[in-house]
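# Per-entry structural report
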Amino acid sequence: MVKQNNLLATLDELKQANLYRTRRIIDSAQGVYLRVDGRKLLNFCSNDYLGLANHPQVIESFKQAVDKYGVGSGSAHLVCGHGYEHHALEEELADFTGRERVLLFSTGYMANLGVIAALMGKGGVVYEDKLNHASLLDGGLLSGAKFKRYLHNDMHNLQAKMHGLMPDQQAMIVTDGVFSMDGDYAPLEALSELAQQQGAYLMVDDAHGFGGLGATGAGLVEQCQLNQQQVPVLVGTLGKAFGTSGAFVAGSEVIIETLIQKARTYIYTTALPPAIAAATRTSLQFVINDSWRRDKLKMLVQRFQTGARQIGLDLMPSESAIQPIVLGNSLQALQASEHLLQQGLWVSAIRPPTVPEGSARLRITFSAQHTEQHIDQLLCALEGLPA
Ligand SMILES: *Cc1c(COP(=O)(O)O)cnc(C)c1O
């Protein structure tokens, strides 16, 4: 028999430290209300920011594609899995992002692992914001390059870390666009200037900016008006505001061609089901054209912030649909989440190692499908949280 006493001990330690994670089983589509254990919960933890995951026309496109192409893609893109719908989506995303080319990946996690390792290697240096998403940190570590983390959004600290860079050394600065657990924005203009000065790649993962930010929903990079030269490696995910699944990398012809040849998480995995690509083509049209969804989201966030200040809650410097309330230790976050749950509100408690020690929090997210009444209901419940 396998010796697994050490595993049991580790699980026990996690429980003792209030770090044990459990899953709730949902028996409904994504939306403002979720059905969980026979209860209807008002949902404030989804990344379906624009409310597209269950949109009738997105579903219809999915169904039509399933009728035509079936379910599975059959193989990897480089074998016989690269379909018409995948290719059309790549071209439409290239137009959308204003980049020469786009490459689809099956998940954002795999995109980040694959891209950094394909572009960087031994001898190079990868610089990452301390609060970057786990997939970016893992990608940097896996690449074999020297790995350095700089203080969150701290340009002075990054500059200091880049000081020892040799002229012929390959370098890459990697950052979230909208930070996933804090909701604040990376200083992209300053990062881009520094990267260009140093001859380094700048890679921006805007998983939480796409859909919600920019005049056409093309994210923080659109909002800051940064082109392909200024942000040469741009990553977006499709499982959040797009409401489907998968991810993409946008960049120059030569970068995308390099990824096709070298990114192992692209080459050695099955392509997304074609129907997911078809559904995403439809959701992309809603992202671009339904600017009312972004406006509504902004309005809801403002209403929340005003109300939260009135009841004395400490907000983080976030203007995005991610509005965290930092509580401190894991038990405090768990208890607050549980208290809200009892009142029919689902707000997830985020604990270390997802966030730094001592900054466990409620991570509140909004959707364009929420109403002002939903916000008020949330504020009312937050006001009633035991101190
Ligand atoms: C969610 C997320 C990912 C991972 O994307 P998946 O498609 O869910 O694997 C990567 N980066 C950031 C910043 C994210 O928030």
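Okay, the domain arrangement of the chain next. By the assigned domains, the chain splits into domain 1 (21–50 + 291–383) and domain 2 (56–289). Distance from the C-alpha centre of domain 1 to the C-alpha centre of domain 2: 26 Å. Across the boundary between the two partners, domain 1 contributes 20 residues, which contact 24 residues of domain 2. Taking both partners together, domain 1 and domain 2 bury about 1,600 Å²; carbon and sulfur atoms supply 55% of that area. Summed over the three residues of domain 1 that lose the most area to domain 2, namely Y49, L50 and R294, the buried surface amounts to 32% of that side. At the junction of domain 1 with domain 2, the criterion picks out 1 salt bridge. Where D182 meets R361, a salt bridge forms, and the shortest distance between an N and an O atom there is 3.1 Å. Along the contact surface separating domain 1 from domain 2 lie 13 residue pairs in polar contact (both at pLDDT 80 or more). Mapped onto the side of domain 1 that touches domain 2, the elements with two or more residues apiece are α13 (291–310), β10 (322–328) and β13 (360–365).

What follows concerns unusual backbone geometry. Most peptide bonds adopt trans geometry, and most residues besides glycine take a negative phi value. Backbone torsion omega between P352 and P353 reads 5°, so that peptide bond is classified as cis. Take P353: it is sitting in the loop between β12 (348–350) and β13. With a phi angle near 60°, N18 is a residue other than glycine that sits in the positive phi range. With respect to the helices and strands, the residue N18 is situated in the loop between α1 (5–16) and β1 (33–36). For N18, a relative accessible area of 23% puts it in the partly exposed group. Even without a glycine there, the phi angle at Q225 is positive, about 55°. On the secondary structure map, Q225 appears in the loop between α9 (219–223) and β8 (233–237).

Turning to the sheet that holds strand β9 (residues 247–251), a few remarks are in order. In spatial order, the strands read β3-β9-β8-β7-β6-β4-β5; together these 7 strands make up an open sheet with mixed pairing. Both edges of this open sheet fall to β3 (101–105) and β5 (146–150), since each of them pairs with a single strand only. Along the sheet, successive strands turn relative to each other by an average axial angle of 20°, direction set aside. Relative to strand β7 (residues 201–205), strand β6 (residues 171–176) runs parallel, the two being bridged by 5 bridges. Note that in β7 the partner of I173 across the bridge is L202. Its contacts with the sheet place helix α5 (residues 108–119) against β3, β4 (125–129), β6, β7, β8 and β9, and it is angled at close to 175° to β7. Helix α10 (residues 253–262) rests against β3, β7, β8 and β9 of the sheet, and its axis sits at about 25° to β3.

In this section: the site of the ligand. The environment of the ligand is made up of 14 residues, and the closest members are G108, Y109, D205, H208 and K240. Between the ligand and G108 there is a distance of 2.7 Å, counted from an oxygen atom to a backbone nitrogen or oxygen. One nitrogen or oxygen atom from the side chain of D205 is found 2.5 Å from a nitrogen atom belonging to the ligand. Within the complex, the protein chains bury 82% of what would otherwise be the 380 Å² of accessible surface of the ligand. Ranked by residue count, the leading element in the shell around the ligand is α5, at 3 residues. In the shell around the ligand, the residues fall into 2 nonpolar, 9 polar and 3 charged.

With that settled, consider the pairing of β5. Side-chain positions along a regular strand alternate between the two faces of the sheet. For β4 and β5, the ladder comprises 5 bridges, and the chain directions are parallel. Counted as the bridge partner of D129 is Y150 from β5. Taken together, β4, helix α6 (residues 134–142) and β5 form a β-α-β motif whose crossover is right-handed.

In this section: the sheet that holds strand β11 (residues 345–346). In space, the 3 strands of this open sheet follow the order β1-β2-β11, with mixed pairing throughout. The open sheet has two edge strands with one neighbour each: β1 and β11. Relative to strand β2 (residues 39–43), β1 runs antiparallel, the two being bridged by 4 bridges. Looking across to β2, one finds that R35 is bridged to K40.

A word on a positive patch on the surface. A cluster of like positive charges, contributed by K130, K146, K148, R149 and K161, occupies part of the molecular surface. In terms of residues, the positive patch owes the most to one element, β5, which gives 3 residues. Inspection of the secondary structure assignment puts K161 in helix α7 (residues 155–161). Accessibility expressed as a relative area gives 32% for K161, which makes it partly exposed.

Moving on: the nonpolar core. Core analysis: the largest hydrophobic core is formed by 74 residues, its most contacted members being I173, F304 and L382. Built from parts of two domains, this core gets at least three residues from each of domain 1 (21–50 + 291–383) and domain 2 (56–289). The contact partners of F304, leaving out residues within four places of it in the chain, are L315, Q323, I325, I364, F366, I375, L378, L379 and L382. With 25 residues, the next largest nonpolar core counts M120, A145, V235 and A247 among its residues.

Rules and cut-offs
- Residues numbered from 1 in each chain as written.
- Predicted model: local features only at pLDDT ≥ 70, side-chain atom pairs only at ≥ 80, totals over all residues.
- Heavy atoms only, no water.
- Domains from an automatic or database assignment.
- Contact = heavy atoms within 4.5 Å.
- Buried area = accessible area lost by both parts, 1.4 Å probe.
- Salt bridge = Lys/Arg side-chain N within 4 Å of Asp/Glu carboxyl O.
- Polar contact = N/O pair within 3.5 Å; in protein donor to acceptor, adjacent residues only side chain to side chain.
- Helix = DSSP H or I, 4+ residues; strand = E, 2+ residues; numbered from the N terminus.
- Buried < 20%, exposed > 50% of the residue type's maximum accessible area, 1.4 Å probe, protein only.
- Pairing = 2+ DSSP bridges.
- Axes fitted to C-alpha atoms, helices over the stretch in contact; angles between N-to-C directions.
- Near = heavy atom within 4 Å.
- Areas by Shrake-Rupley, 256 points an atom, 1.4 Å probe, with all protein chains shown as cover.
- Nonpolar A, V, L, I, M, F, W, Y, C, P; charged D, E, K, R; others polar.
- Right-handed = clockwise from strand over helix to strand, strands pointing away.
- Patch = residues over 30% accessible without salt bridge, like charges linked within 9 Å, V, L, I, M, F, W, Y side chains within 5 Å.
- Lys, Arg positive; Asp, Glu negative; His and termini not counted.
- Charge placed at Lys NZ, Arg CZ, Asp CG, Glu CD.
- Core = buried A, V, L, I, M, F, W, Y, C linked by side-chain atoms within 4.5 Å.

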